[in-house]
Amino acid sequence: MSEISKPFFIWRHLNKARWLVLLTVFLMLIILPFIHVYQTFVASFSYDLLEPSEKSLYNIMEMLTTPFTNDPANGLENVKGTTWSGNFFGYQISDPLAVAGQVFSGLTFYWPFILTALIPVVATLLFGRFFCGWICPATFLYELNTTLSLWMHRFGFKAGTRKFDRRMKYIVLAVGLVLSAISGSVLISVIYPPAIIGRELYFGIALGGFGAGLVFFVITLLFDLLVARRGFCRYLCPGGALYSLLGRYRLFRIKRIIENCNDCAKCNAVCEFGLDPLHDDFGQECNNCAACIAICPTDAMTFVTSISDLEFQGAGHLGKSYKRSQDSGE
Amino acid sequence: MERRTFIQSLIFSAAALAAASLPYGVARLLAPAYASKYPHHLRPPGAIADDDAFVEACIGCGLCGEVCPPKCIQFDKRQGGNKIYTPFIDPEIKACTLCDKCMSVCPTEALTETAREEIKMGVAQIDILTCYPWVDRGVCGACVTICPLGEKAIKFNFANIYRPEVIKAGCVGCGLCVEVCPHPSLPIAIVGADQGTVMSHRVY
């Protein structure tokens, strides 16, 4: 019997860390508009003129921010913006799709802006589509949506399980960029869920009313629920297409340890993107979310550094079909 | 290639293109053609003068609005067409205080950092047939008092110290005078920088 290699124990817990990161990003997108509203109250010295609800908001935000700054009007500028484009402790970080859309809409290269996408692009080259699994605020809601559909399944609801061609999203990306160039505006941000979520939360909280993007986002939620699980991310999202292209030769990827695998196919069931980890088919779509590592009952999934997936390794050595083939072979 | 497969692939690619542009069509339907309900559609300070170039540069990230201390920057949320999610200021609701935070935060230089005196959002235009001091219905001077640029932009008429006069070279069009004007019909408004500082009542 060959020596069975154990995956590093931390990998099992990455899925929990991922949920924590998703929750943190989502809560940041909610609290940043509140901070801005509080800053406007402070800057206008208008406490005595506020409504009672606004006063309670003022008091709560004052309580939360007093430990960090003495000058709320100017001292809370370290984190601003959304995942589409934001300031993070002095660094301007933009979504690569924002840069691509702006380059196409303006048909010029404005390097100071293009370089703001440097960190995400390098991280995507290393970790693949990690943004989709780890940061995207829409993913948080989409995964809760999946959970909801599984929960509703108990009450007889049939979630949609259609399959389309995965390459459709590249066409969406290309069409979006071409339409951006034609219309002369960054039109691609109109259908990009993380940009929509960040914007609509800001509009809804600080500017007193949601915009049109919320309707589109609800349509995508219904699409996921009724047509295909995580269908928008898998088949239509232009940002996902860009990240998939960038992360095709990513350095860190998940691998199945064939000696430990018992062919239980839980990894296939849990994979949000409908990939096929059981048959070593991760591909450029894998977003390194580590859900398959967390659910694997026999520690058969691990992270490796390699720029390509393995070919199909055959049936898992703990599974029945492998044992049967061994017996017949002997 | 056979004709049959060629036609098949042609039909397939046409269908794929239609399916791919479907979400943009949905988004376009939700955002009908650009029609501002405000007569004076001001961009934030430091905006690129050509509005098409501004829309090309703006990525709709909302950072300018998120740092604005008076929260005067609004966004085309539902109306907008290709200008959707671009910022604008309506001085009748809330006017710019020229704090230049939005200019420093803009990632694409759609809002370029500009010195306070060189900002060109527009120019204030006074309707001298409505303004209280100009029609001898009292004394006011609110616009002159509030102006952040002082004597260079708006000052009292030489003959009557309560009649305001805008100086075109100095006015940057921040709109504080519009916000503060007590007259219900707002005899002062921000218009394009190429227009005059006194409203014309000529009928063309």
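Residues numbered from 1 in each chain as written. Chains lettered and ligands numbered in written order. Predicted model: local features only at pLDDT ≥ 70, side-chain atom pairs only at ≥ 80, totals over all residues.

1. Quick look at the interface of chain B and chain A
Size of an interface: often given as the accessible area lost when the parts come together. Listed as interface residues are 37 residues of chain B and, on the opposing side, 51 residues of chain A. Secondary-structure elements contributing two or more residues to the side of chain B that touches chain A are α1 (3-30), α2 (51-57), α3 (63-67) and β1 (73-75) of chain B. For the side of chain B that touches chain A, a count of residues per class yields 23 nonpolar, six polar and eight charged. (Contact = placed C-beta atoms within 7 Å. Helix = DSSP H or I, 4+ residues; strand = E, 2+ residues; numbered from the N terminus. Nonpolar A, V, L, I, M, F, W, Y, C, P; charged D, E, K, R; others polar.)

2. Re the packing of helix α8 (residues 137-153) of chain A against helix α11 (residues 213-226) of chain A
How two helices sit against one another is set out by the angle between their axes and by the gap between those axes. Residue and element names in this part refer to chain A. Running from N to C, α8 and α11 cross one another at 40°; their axes reach a closest spacing of 10 Å. Judged on the interaxial angle alone, α11 and α8 are oblique. For the element pair α8 and α11, the recorded crossing hand is right-handed. Across the interface between the two elements, Tyr142, Asn145 and Ser149 of α8 pack against Leu221, Asp224 and Leu225 of α11. (Axes fitted to C-alpha atoms, helices over the stretch in contact; angles between N-to-C directions. Parallel < 35°, antiparallel > 145°, perpendicular 65-115°, else oblique. Left-handed = near helix turned anticlockwise from the far one by under 90°.)

3. Comments concerning the domain arrangement of chain B
Residue and element names in this part refer to chain B. Split into domains, chain B comes out as domain 1 (51-116) and domain 2 (122-191). With centres defined by C-alpha atoms, the gap from domain 1 to domain 2 works out at 25 Å. Taken together, the contacts link eight residues of domain 1 with eight residues of domain 2. Here the side of domain 1 that touches domain 2 is composed, by residue class, of five nonpolar, one polar and two charged. (Domains from an automatic or database assignment.)

4. Here we look at the sheet that holds strand β3 (residues 91-94) of chain A
Residues and elements named next belong to chain A. Taken in spatial order, the three strands line up as β1-β2-β3 in an open sheet, and their pairing is antiparallel. Edge positions in the sheet fall to β1 (79-81) and β3, since each has one partner strand and no second. Sheet twist, expressed as the mean angle between neighbouring strand axes with direction ignored, is 20°. Here strand β2 (residues 85-88) pairs with β3 via four bridges, running antiparallel. Note that in β3 the partner of Phe88 across the bridge is Tyr91. (Pairing = 2+ DSSP bridges.)

5. Quick notes on helix α13 (residues 238-246) of chain A
Residues and elements named next belong to chain A. Burial of α13 is extensive: eight of the nine residues sit out of reach of the surface. Looking at α13, one finds that the buried residues are Pro238, Gly239, Gly240, Ala241, Leu242, Tyr243, Ser244 and Leu246. Each element contacted by the buried residues of α13 is listed here: α4 (96-106), α6 (118-127), α7 (130-134), α9 (168-183), α10 (193-206) and α12 (231-236). (Buried ≥ 20, exposed ≤ 12 C-beta atoms within 10 Å, placed from the backbone.)

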